[in-house]
Amino acid sequence: MADSASGKPCIFCEIVKGERPAHIVLDAPDALAFLDVRPLFKGHTLLVPRTHVETLPDLPADLVGPYFQHAQRLAAAMESVLGAAGSFVAMNNRISQSVPHLHVHVVPRNRKDGLRGFFWPRQKYDSDAEAADYASRLSTAFA
């Protein structure tokens, strides 16, 4: 699928099709979750529907429940697998939506982690191996 605004291929559709590499956390028939390449905190995961839709209002009503059940499981994994005190779950629709493909951010949170309002400190993984380790650890919650 192409980004309707730019005409460029959709990055998230390419990840869903396996045409672009990603650290996969959850691989379900209707959705895919993978680590954000520019995480707020290590373990920051993006959940996308496999079918290209740009915003939440575009997602067919019968898919909303199953989609958010995946988000719910990801939020629980942030605590049970990564030991986070909680999570931040968010989505943008058009405004601040860097990729025009519906996606939910599920971010591990801890007290005094530095996340203030919408001025979010971005972090990097020390290596591809570290990112792969986070993805592998989180994916154990879905096996």
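Refer to the structure printed above.
Treat the numbers as computed from the prediction; the structure is a model and nothing was measured.

Criteria and cut-off values
Numbering of residues begins from 1 in every chain and follows the order in which that chain's sequence is written. Only residues with pLDDT of at least 70 get local features here, since the model is predicted, and only at 80 or more are side-chain atom pairs given and counted; chain-wide, interface and lining totals rely on the full set of residues. Neither water nor hydrogens contribute to the side-chain values; these are computed over all heavy atoms in the structure. The helix and strand labels rest on DSSP assignments: H or I over at least four residues marks a helix, E over at least two residues marks a strand, and numbering proceeds from the N terminus. Throughout, the radius of gyration refers to the C-alpha atoms, and the reference size of a globule is 2.2 Å times the residue count to the power 0.38. Expected helix span is computed as 1.5 Å times (number of residues minus one). Relative accessibility under 20% of the residue-type maximum defines a buried residue, over 50% an exposed one, and the middle range a partly exposed one, all with a 1.4 Å probe and only protein chains included. In this description, the arc belongs to the directions extending from the helix axis to the C-beta atoms. Cysteine sulfur atoms are paired as a disulfide whenever they come within 2.5 Å of each other. The method works on a 1 Å grid over the protein atoms by themselves. A cavity is a set of points holding a 1.4 Å probe that cannot get out, a pocket is an open set with protein on both sides within 12 Å along at least five of seven lines, and residues with an atom within 4 Å of a point line them. Grid points are joined across faces, edges and corners, and a volume is the space filled by probe spheres set on the points. For this classification, the nonpolar set comprises Ala, Val, Leu, Ile, Met, Phe, Trp, Tyr, Cys and Pro, the charged set comprises Asp, Glu, Lys and Arg, and every other residue, Gly included, is treated as polar. Here, two residues are considered to be in contact whenever any of their heavy atoms come within 4.5 Å of each other. The definition of a polar contact used here is a pair of N or O atoms within 3.5 Å, where within protein one atom must be able to donate a hydrogen and the other to accept one, and adjacent residues in sequence count solely through side-chain atom pairs.

Asker: Looking at this model, I keep getting lost on the overall build of the chain. Mind explaining?
Answerer: Each helix and strand in the chain was counted, giving three helices and five strands. In sequence order, the chain lays out its α and β elements as α-β-β-β-α-β-β-α. By the compact-globule yardstick of 15 Å for 143 residues, the chain fits well, its C-alpha radius of gyration being 15 Å. With the principal axes as the frame, the chain shows a C-alpha extent of 40 × 35 × 30 Å.

Asker: It is not clear to me how helix H3 (residues 128–139) should be interpreted in this structure. Could you clarify?
Answerer: In an α-helix, one turn spans 3.6 residues, which is why side chains three or four residues apart end up on the same side. Taking 1.5 Å per residue as the helical rise, H3 with its twelve residues ought to reach 16 Å, and the 16 Å between its terminal C-alpha atoms agrees with that figure. Looking at H3, one finds that the buried residues are Glu130, Ala131, Tyr134, Ala135 and Leu138. Down the axis, H3 shows its buried residues gathered within 140 degrees of arc, on one side only. In H3, those exposed residues whose orientation departs by more than 90 degrees from the buried face are Asp128 and Ala129.

Asker: Would you take a moment to explain the state of the cysteines for this structure?
Answerer: Simply put, the disulfide is a covalent bond whose two ends are the sulfur atoms of two cysteines. A full pass over the atoms with the stated rule returns zero disulfides. Cys10 takes part in no disulfide bond, and the closest cysteine sulfur to it belongs to Cys13, at a distance of 3.7 Å. With relative accessibility at 3%, the residue Cys10 sits in the buried group.

Asker: Hey, could you run me through the layout of surface pockets in this one?
Answerer: Over the atoms rolls a probe the size of a water molecule, and in doing so it shows where empty space is left. A volume near 660 Å³ is recorded for the largest pocket. Taken together, 28 residues make up the lining of the largest pocket; nearest its centre are Phe12, Asp36, Val37, Arg38 and Leu46. Those elements giving two or more residues to the lining of the largest pocket turn out to be helix H1 (11–16), strand S2 (31–35) and H3. By residue number, the principal contributor to the lining of the largest pocket is H1, which donates three residues. When its residues are assigned to classes, the lining of the largest pocket shows 16 nonpolar, seven polar and five charged.

Asker: How should helix H2 (residues 61–80) be read in this particular structure?
Answerer: Here H2 contains 20 residues, and its C-alpha end-to-end distance of 30 Å stays within 8% of the 28 Å for a straight helix at 1.5 Å per residue. Three or more residues of H2 are buried, namely Tyr67, His70, Ala71, Leu74, Ala75, Ala77 and Met78. Taken around the axis of H2, the buried residues stretch over an arc of 155 degrees, which confines them to a single face. Along H2, exposed side chains directed more than 90 degrees from the buried face belong to Asp62, Gln72 and Ser80. Here the buried face of H2 lies against strand S1 (24–27), S2, strand S3 (45–49), strand S4 (86–90), strand S5 (104–109) and H3.

Asker: Help me understand the side chain of His44, please; the structure alone is not making it clear to me.
Answerer: One can find His44 in the loop between S2 and S3. Within the local environment of His44, its side chain forms a polar contact with the backbone nitrogen of Leu40, the two atoms lying 2.9 Å apart. Looking at His44, its side chain comes within polar contact range of the side chain of His105, at 2.8 Å. If sequence neighbours within four positions are ignored, His44 has contacts with Phe34, Leu35, Asp36, Arg38, Pro39, His105, Val106, Val107, Pro108, Arg122 and Tyr125.

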